[in-house]
Amino acid sequence: MASSIFLSHPLSPFSPLLSKHHKIPTPKQTIAIAYHPTNKLTTKTPFLPFPSKPRKEFWPISVGRTQTDEKDEILMVGEDSAEFELSKQKISSWVYFTGILGVVLYVLNVVWIDNSTGFGKSFIDAVSSISDSHEIVMLSLTLIFAIVHSGLASLRDKGEELIGERAFRVLFAGVSLPLAVSTIVYFIDHRYDGVQLWQLNSIAGIHELVWFSNFISFFFLYPSTFNLLEVAAVDKPKMHLWETGIMRITRHPQLVGQVIWCLAHTLWIGNSVAVAASVGLIGHHLFGAWNGDRRLAIRYGEAFEVVKNRTSVIPFAAILDGRQKLPEDYYKEFIRLPYLSITALTLGAYFLHPLMQAASNRLHW
């Protein structure tokens, strides 16, 4: 839940796969391409069979891996997900990131979390005054977060024009983060309140099923923040059109991950508060998927239509119907530092559950 709520460059080459003659163009460069249901793009057709919209320029990037014929080559118009090259990292950037993270956590604690100085408890008390029902309060907190989070995301283009990418990211995080913390803490503190609907914890295999489902969910939840330096505004934040890795399975991995997380936790807890939290979170992410497609269509135009046509929201649907062709070495798109990091963090979060619960309980929210 924490990752799903917290979470929300020029085209990057898939360096191990690109032939040397391919170059990443500037945004002004363009080429007419045609999309075909066979999941291939060709530069031989001088027309663009897309809906009539203001044309967005893009350049397809070759990521073909077949060794048979050039016509079997698949062209990628989006970005290579989770690409991380140690040689391109600057120590100074990560020093800034560490410093910014420390400052943010300190300010968040003083201004929001600490009951003696912050406004977090007052906010929870105000929302709790709406009803004595923990389910309604849980839904209300989720709705408030959803409106603010998705609302600011929808205003991103205009906001970045007015105050710049970094300043808008700071505003976005500064407003969203406290609301996210409040929602998480309230859920932890009241997860066992409400009406018990079922009790399946003692059934053999349920714990293992829930554990595995939660573990898998974070591989879907993570891609919204592939570049942590952008999250902290150390690097200039950008709206990315990802196309590889988990995106081949589903175009909206955060939605899928949230559904998996909610189903697993609701199955384990089995009460009305868990159901209320799941309904609110899944509803928010369903809207986010629609809104995300809308924003990407505005930003990337025809390039997004290409990606949309060969991906699916429902996991594996585009693969099963032939619109998405997985490369032979597809597994290599996951053997990357960001995915390895999320594996370690997910395992760490599981073992730190008692500490998270104790910290939340001490706040009495």
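By convention here, each chain's residues receive numbers from 1 onward along its written sequence. Per-residue local features are limited, in this predicted model, to residues with pLDDT of at least 70; the limit for side-chain atom pairs, both in listing and counting, is 80 or more; totals at the level of whole chains, interfaces and linings are taken over all residues. Excluding hydrogens and water, the side-chain values take into account all heavy atoms of the structure.

**Q** Just checking my understanding: could you explain the overall build of the chain for this structure?
**A** Helix and strand assignments follow DSSP, with helices taken as H or I runs no shorter than four residues and strands as E runs no shorter than two, numbered in order from the N terminus. Scanning the chain from terminus to terminus reveals 14 helices and 4 strands. Exposure classes here rest on a 1.4 Å probe applied to the protein chains alone. A residue is buried below 20% of its type maximum, exposed above 50%, and partly exposed in between. Residues classed as buried in the chain amount to 47% of the 365 residues present. The method behind every accessible area is Shrake-Rupley, applied with a 1.4 Å probe, and residues are considered shielded solely by the protein chains displayed. Looking at the chain as shown, the accessible area adds up to about 18900 Å², and 67% of this sits on carbon and sulfur atoms.

**Q** Looking at this structure, how should I read helix H10 (residues 272-300)?
**A** Side chains that are three or four residues apart share a direction in an α-helix, a result of its 3.6 residues per turn. Compared with the 42 Å implied by 1.5 Å per residue over 29 residues, the 41 Å span of H10 between its first and last C-alpha is a close match. Definition of a polar contact: a pair of N or O atoms within 3.5 Å, with one able to donate and the other able to accept a hydrogen when the atoms are protein atoms, and with sequence-neighbouring residues admitted only if both atoms are side-chain atoms. Between the side-chain oxygen of the N-cap and the backbone nitrogen of Val273 there are 3.2 Å, and the N-cap of H10 in question is Asn271. Just downstream of H10, Gly301 is the residue with a positive phi angle, here 55°. By this rule the span expected of a helix is its residue count minus one, scaled by 1.5 Å.

**Q** Any chance you could explain the packing of aromatic side chains here in plain terms?
**A** Centres within 6.5 Å are what make two rings of Phe, Tyr or Trp a pair, Trp counting through its six-membered ring; a difference in plane orientation under 30 degrees is then read as stacked, over 60 as edge-to-face, and the rest as tilted. Applying the stated criterion across every chain yields a total of 11 aromatic pairs. Through successive ring pairs, a cluster of aromatic residues spans Trp211, Phe215, Phe219, Tyr330, Phe334, Tyr339, Tyr350 and Phe351.

**Q** Got a minute to help me understand the environment of Lys121 in this structure?
**A** Position of Lys121 relative to the elements: it lies in helix H3 (residues 120-128). With 242 residues separating them in the primary sequence, Lys121 and Leu363 have C-alpha atoms 7.9 Å apart. Sequence-distant contacts of Lys121, defined by excluding residues within four places in its chain, comprise Trp112, Asn115, His364 and Trp365. Residue contacts follow a heavy-atom distance rule, with two residues in contact if any of their heavy atoms lie within 4.5 Å.

**Q** I keep staring at unusual backbone geometry and nothing clicks. Help me out?
**A** Excluding glycine, residues mostly have negative phi values, and the peptide bonds linking residues are mostly trans. Look at Phe316: it is not a glycine, yet its phi comes out positive at around 70°. For His364, which is not a glycine, the phi torsion comes out positive at approximately 55°. If you trace the backbone, His364 turns up in the segment after helix H14 (353-363).

**Q** What's the story with the pattern of salt bridges in this structure? I'm lost.
**A** When charged atoms on two side chains of opposite charge get close, those side chains can pair. Whenever Lys or Arg places a side-chain nitrogen within 4 Å of a carboxyl oxygen from Asp or Glu, that contact is recorded as a salt bridge. The final tally for this structure, using the stated rule, is 10 salt bridges. Where salt bridges share partners, they join Arg156, Asp157, Glu160 and Arg299 into one cluster.

**Q** Looking at this structure, I do not really get the nonpolar core. What am I missing?
**A** The nonpolar side chains of soluble globular proteins are, as a tendency, buried together. Residues enter a nonpolar core if they are buried and are Ala, Val, Leu, Ile, Met, Phe, Trp, Tyr or Cys, with the set joined through side-chain atoms within 4.5 Å. Membership of the largest hydrophobic core comes to 41 residues, with the highest contact counts inside it found for Phe123, Leu141 and Trp365. Breaking this core down by element, the ones donating at least two residues are helix H2 (91-113), H3, helix H4 (134-154), helix H6 (165-190), helix H7 (206-221), helix H9 (253-269), H10 and helix H13 (337-351). No other element matches the 7 residues that H6 contributes to this core. In this structure, Trp365 is in contact with Trp112, Ile113, Asn115, Gly120, Lys121, Ile124, Val181, Ser182, Val185, Tyr186, Asp189 and His190, ignoring residues within four places of it in sequence.

**Q** So what exactly am I meant to see when it comes to the packing of H3 against H4 here?
**A** Working note: a packed helix pair is described by the angle between its axes plus the distance between those axes. Packing of H3 against H4 brings their axes to within 9 Å, and their N-to-C directions diverge by 120°. Looking at the two axes, H3 sits oblique to H4. In this structure, H3 meets H4 at a crossing whose hand is right-handed. Contact residues: H3 offers Phe123, Ile124, Val127 and Ser128, while H4 offers Val137, Ser140, Leu141 and Ile144. Lines fitted to the C-alpha atoms define the axes, with helices restricted to the stretch that makes contact. Angles between their N-to-C directions range from 0 to 180 degrees. In this scheme, roughly parallel covers angles under 35 degrees and roughly antiparallel covers those over 145, while 65 to 115 is roughly perpendicular and the rest are oblique. Crossing chirality is assigned from the near helix's rotation relative to the far helix, an anticlockwise turn below a right angle marking it left-handed and a clockwise turn marking it right-handed.

**Q** Whenever I open this one, a nonpolar patch on the surface confuses me. Can you help?
**A** A contiguous nonpolar surface patch, about 570 Å² in accessible area, is contributed by Val103, Tyr106, Val107, Val110, Val111 and Phe119. Here Tyr106 is to be found in helix H2. Classification of Tyr106 by relative accessible area gives exposed; the value is 60%. The residues that make up patches have over 30% relative accessible area and no salt bridge, and they are joined within 9 Å when like-charged or within 5 Å when they are Val, Leu, Ile, Met, Phe, Trp or Tyr.

**Q** Is there a simple way to explain the packing of H10 against helix H11 (residues 302-309) in this structure?
**A** For the pair H10 and H11, the least separation of the axes is 6 Å and the interaxial angle reads 135°. When the axes of H10 and H11 are compared, the pair comes out oblique. Each of Asp293, Leu296, Ala297 and Tyr300 in H10 lies in contact with H11, whose residues at this interface are Glu302, Ala303 and Phe304. Lys, Arg, Asp and Glu make up the charged group, whereas Ala, Val, Leu, Ile, Met, Phe, Trp, Tyr, Cys and Pro make up the nonpolar group; the residues left over, Gly among them, are polar. A class-by-class count of the residues in the contact of H10 with H11 yields 5 nonpolar, no polar and 2 charged.

**Q** Looking at this model, I keep getting lost on the side chain of Ser272. Mind explaining?
**A** Within the secondary structure, Ser272 sits in helix H10. With a relative accessible area of 14%, Ser272 lands in the buried category. A polar side-chain atom of Ser272 sits 2.3 Å from a polar atom in the side chain of Glu135. A distance of 2.8 Å separates a polar side-chain atom of Ser272 from the backbone nitrogen of Val195. When residues no more than four places from it in sequence are discounted, the contact partners of Ser272 are Glu135, Gly194, Val195 and Leu197.

**Q** How do you make sense of the confidence of the model for the chain when you look at a structure like this?
**A** Any segment with low pLDDT has predicted coordinates that should not be analysed in fine detail. Chain-level statistics for the chain give a pLDDT mean of 83 and a share of 79% at 70 or above. For every residue, the predictor states its confidence as a pLDDT score lying anywhere from 0 to 100. Of the regions scoring below 50 in pLDDT, residues 2-72 engages in 168 contacts with residues more than four places distant in sequence or in other chains.

**Q** Help me out: how do you make sense of the environment of Tyr186 in this one?
**A** Position of Tyr186 among the secondary structure elements: in helix H6. Accessibility expressed as a relative area gives 2% for Tyr186, which makes it buried. A sequence separation of 177 residues divides Tyr186 from Leu363, and the C-alpha atoms of the two residues are 9.5 Å apart. In this view, Tyr186 contacts Ile124, Ser128, His134, Val137, Met138, Leu141 and Trp365; residues no more than four positions away in its chain are not counted.

**Q** Just checking my understanding: could you explain the side chain of Thr266 for this structure?
**A** The topology assignment puts Thr266 in helix H9. Since its relative accessible area comes to 9%, Thr266 is described here as buried. A polar contact is formed between the side chain of Thr266 and the side chain of Ser278, at a distance of 2.5 Å. Beyond its immediate stretch of four places on either side in the chain, Thr266 contacts Trp198, Ala274, Val275 and Ser278.

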